[in-house]
Every structure is written in C-alpha cells, then in structure tokens.
Amino acid sequence: MKLLGLIGYPLSHSFSKKYFTQKFEKEGLTKDWQYELFPIETIEKLPELIQTYTTTPDSPEGQRYFAGLNVTIPYKESVIPFLDTLHETAQEIGAVNCIKFNDRKLIGYNTDYYGFQKSLLELLNGAHLKDDLKALILGTGGSAKAVAYALKELKIPYVYISRKAQEKSLTYDDLNDSILQTHHLIVNTTPLGMSPHTEGCPPIPYKSIDNEFFMYDLVYNPEVTTFMKKGMAQGAKVKNGLDMLHFQAEKGWEIWNENSDNNPA
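Remember, predicted model here, so these are calculated numbers, not experimental data. (Residues numbered from 1 in each chain as written. Predicted model: local features only at pLDDT ≥ 70, side-chain atom pairs only at ≥ 80, totals over all residues. Heavy atoms only, no water.)

### With respect to the overall build of the protein chain
Consideration 1: Helix and strand counts for the protein chain come out as eight helices and twelve strands.
Consideration 2: The C-alpha atoms of the protein chain give a radius of gyration of 19 Å, which matches the 18 Å a tight globule of 265 residues would have.
Consideration 3: Reported as C-alpha extents along the three principal axes, the dimensions of the protein chain are approximately 65 × 35 × 35 Å.
Consideration 4: The proportion of buried residues among the 265 residues of the protein chain is 51%. (Helix = DSSP H or I, 4+ residues; strand = E, 2+ residues; numbered from the N terminus. Rg over C-alpha atoms; globule rule 2.2 N^0.38 Å. Buried < 20%, exposed > 50% of the residue type's maximum accessible area, 1.4 Å probe, protein only.)

See below:
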C-alpha cells in the first residue's frame, strides 16, 4: 500500500488528510493508497520517520511504503538538506512543500506557488494586467517565498513585510499609509489568525484600505479570518487559502503518480 503523509509541527488540524482520504474513498483507491499525519517535533526526526516504513514497492503484500510527503510549517525550508535533489522550481524558490520518493531517493518540489498563483488569478480577475498593481507579502518564510515566485511570474512587483528588519524587506513599523496606497495587493503568509487563535491578524493600517485593494490570506481555518474581516469592512476584495490548497494538492497527486521526476511543479 502506498503511503502519503504530512510532516510539520504542530498538526492540530489537516486539510490534506481529509482531502486525500475523501479522494481515495470517492475514487476507490483505499486499498492502494493511505494518507497519514506525522507531527515531528524537529526536522532531524525525518530520517527516523522514513526508516519506520519501507520505501520500496517490493514489500510484503499489505505493508505500507512511502510514496510521498507534504511539508508544512515550520519545515518548508529546513527540510531541504534532508533531500537528495530538488526540482528546479523548488530550488529557485528555496522552499519545499511536496516530496516524492523515487527509487529510494527523496525529490523536493514546490506546489504552493502553483496553487497560490491559480487561486490568486481568480481573485484578481484580470486586475494583475494593470501596470500599477504592486503587492505586499506579509511574512518571509517558505510560503512567502512561493508567493513571491508566483508574483514574479505574473510580473507583479512585491515587497516583503516582516516583524524584524531584514535585507530586502520592510518592518510593520515601516508600513505607512504612503506605502500602502501604492501596494493594492496584500498577501498574508503568516499563521496569524489561524484557528484556534482566530482573533489574531497582521498589524497593518487597515483604515487606509479601500475598495481598490485585494487581500489574500493563506490561512483557511477559519474560513473568514480577522485579516479578511478587517479588509471587507473597508471594501476590499478578499479570499482565503482553501482554493490554493485544492490546487496544490492536485498538483502533488500528479507528481506522485508521474513516472518521470521531471514533471513541472
């Protein structure tokens, strides 16, 4: 039986397990595929986890073996040294959220950028074609890097916003009305506002937002985050990250079922 799973910590809830379990049931794949959660406290425990299961299909009948893994917070960047090779897109982004086991080798992919880009285009509805659309990326982690790659492909200039001063980024204290008024797309890549701490939100000047703004929150639980609520109150068009997860999940499924390790991701 082919085993898929999600590594991260903590894993209080999981879109992926529910999504793939329902997919396997619907498509009659439960005898061949299974999806599990693997909350590992440190990324150094990944080799131990992998050794728990055989990674080859020539195992005894009914025995599970790894076919692939998803990677979530906080390991999208720190997992890279544990992989044998990276798909070119994951290498350029510098973050991995999808691993394929191929002939005992671990290949890292990034499907986050694909899911985000496809979902974002539905929100923008052509607004990205305007020459003056610029973006603010809240956060600088692995998800933020995938978002930046997607925006770069769409030719949307962006600026990172972080809590601490970093090279090529501004801090929340730097974020004034002047900057906000020239960056009408705001993408939250932080976990602020995620269940169970739903009251949280990035500290930006929401009162400067109006109906010219697009606000995308990678958080999907709750369905409407505080970040989104504050934007909606000002007339902004908002969207959560659920569609992004659907798109990236299907891209991961495509990768795990592809014989070649050169498929685009």
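And the narrative resumes.
### Describing the pairing of strand β7 (residues 135-138)
Consideration 1: By the alternation rule, side chains of β7 split into Ala 135 and Ile 137 and Leu 136 and Leu 138, which are all buried.
Consideration 2: Taken together, β7, helix α5 (residues 142-153) and strand β8 (residues 158-162) form a β-α-β motif whose crossover is right-handed.
Consideration 3: In this structure, β7 lies alongside strand β10 (residues 185-188), joined through four bridges in parallel fashion. Bridge assignment links Leu 136 to a residue of β10, and that residue is Ile 186. (Right-handed = clockwise from strand over helix to strand, strands pointing away. Pairing = 2+ DSSP bridges.)

### Looking at the packing of aromatic side chains
Consideration 1: All chains considered together, the criterion is met by 18 aromatic pairs.
Consideration 2: With a centroid separation of 4.7 Å and an interplanar angle of 65°, the aromatic rings of Trp 33 and Trp 253 are classed as edge-to-face. Note that Trp 33 is positioned in strand β2 (residues 33-39) and Trp 253 in helix α8 (residues 242-256), a separation of 220 residues in sequence.
Consideration 3: On the accessibility criterion, Trp 33 (7% relative accessible area) is buried.
Consideration 4: Assessed through its relative accessible area of 12%, Trp 253 is described here as buried.
Consideration 5: Between Tyr 206 and Phe 227, the ring centres sit 6.3 Å apart and the planes meet at 70°, which makes this aromatic pair edge-to-face. With a gap of 21 residues between them, Tyr 206 in the loop between β10 and β11 (214-217) and Phe 227 in helix α7 (residues 226-233) connect regions that are remote in the sequence. Each member of the pair, Tyr 206 together with Phe 227, is buried. (Phe/Tyr/Trp six-rings, centres within 6.5 Å; stacked < 30°, edge-to-face > 60°.)

### Describing the side chain of Thr 189
Consideration 1: Within the secondary structure, Thr 189 is located in the loop between β10 and β11.
Consideration 2: Residue classification places Thr 189 among the buried positions, given a relative accessible area of 11%.
Consideration 3: Here the side chain of Thr 189 touches Leu 138 through a polar contact of 2.7 Å, landing on its backbone oxygen.
Consideration 4: Beyond its immediate chain neighbours, meaning those up to four positions away, Thr 189 contacts Ile 137, Leu 138, Gly 139, Ser 143, Ala 144, Val 147 and Leu 218. (Polar contact = N/O pair within 3.5 Å; in protein donor to acceptor, adjacent residues only side chain to side chain. Contact = heavy atoms within 4.5 Å.)

### Description of α8
Consideration 1: Taking 1.5 Å as the rise per residue, α8 with 15 residues should run 21 Å; its terminal C-alpha atoms sit 21 Å apart, in good agreement.
Consideration 2: Of the residues making up α8, those classed as buried are Met 244, Leu 245, Phe 247, Gln 248, Ala 249, Lys 251, Gly 252, Trp 253, Ile 255 and Trp 256. (Expected span 1.5 Å × (residues − 1).)

### Some words on the packing of helix α4 (residues 112-124) against α8
Consideration 1: Orientation of α4 relative to α8, taken along the N-to-C sense of each, is 135°, at an axis distance of 7 Å. Compared by their axis directions, α4 and α8 come out oblique. Considering the relative orientation of α4 and α8, their crossing is right-handed. In this structure, α4 contributes Asp 112, Tyr 114, Gly 115, Phe 116, Lys 118, Ser 119 and Glu 122 to the contact, and α8 contributes Asp 243, Met 244, Phe 247, Gln 248 and Lys 251.
Consideration 2: The residue makeup of the contact of α4 with α8, split by class, is four nonpolar, three polar and five charged. (Axes fitted to C-alpha atoms, helices over the stretch in contact; angles between N-to-C directions. Parallel < 35°, antiparallel > 145°, perpendicular 65-115°, else oblique. Left-handed = near helix turned anticlockwise from the far one by under 90°. Nonpolar A, V, L, I, M, F, W, Y, C, P; charged D, E, K, R; others polar.)

### Topic: the nonpolar core
Consideration 1: Judged by nonpolar contacts, the single largest core of 27 residues is most densely connected at Phe 116, Leu 120, Leu 124, Leu 151, Leu 185 and Tyr 216.
Consideration 2: Of all the elements in the fold, those that place two or more residues in this core are α4, β7, α5, β10 and β11.
Consideration 3: A per-element tally of this core places α5 first, with seven residues.
Consideration 4: Residues within four places of Leu 124 in sequence aside, it is in contact with Leu 133, Ile 156, Leu 185 and Phe 214. (Core = buried A, V, L, I, M, F, W, Y, C linked by side-chain atoms within 4.5 Å.)

### Remarks on the sheet that holds β2
Consideration 1: Taken together, the six strands give an open sheet; going across it, the order is β2-β1-β3-β5-β6-β4, and neighbouring strands pair in mixed fashion. Pairing within the sheet leaves two strands with one partner each, and these edge strands are β2 and β4 (85-86).
Consideration 2: Inspection of the sheet shows strand β3 (residues 65-71) paired to strand β5 (residues 98-102) by three bridges, in the antiparallel sense. Counted as the bridge partner of Leu 69 is Ile 99 from β5.
Consideration 3: Running at roughly 170° to β2, helix α1 (residues 15-26) makes contact with β1 (2-8), β2 and β3 of the sheet.
Consideration 4: Taken strand by strand, α8 contacts β1, β2, β3, β5 and β6 (105-109), and its axis lies near 10° from that of β5.

Interpretation note: all reported values are geometric properties and have no functional meaning in isolation.
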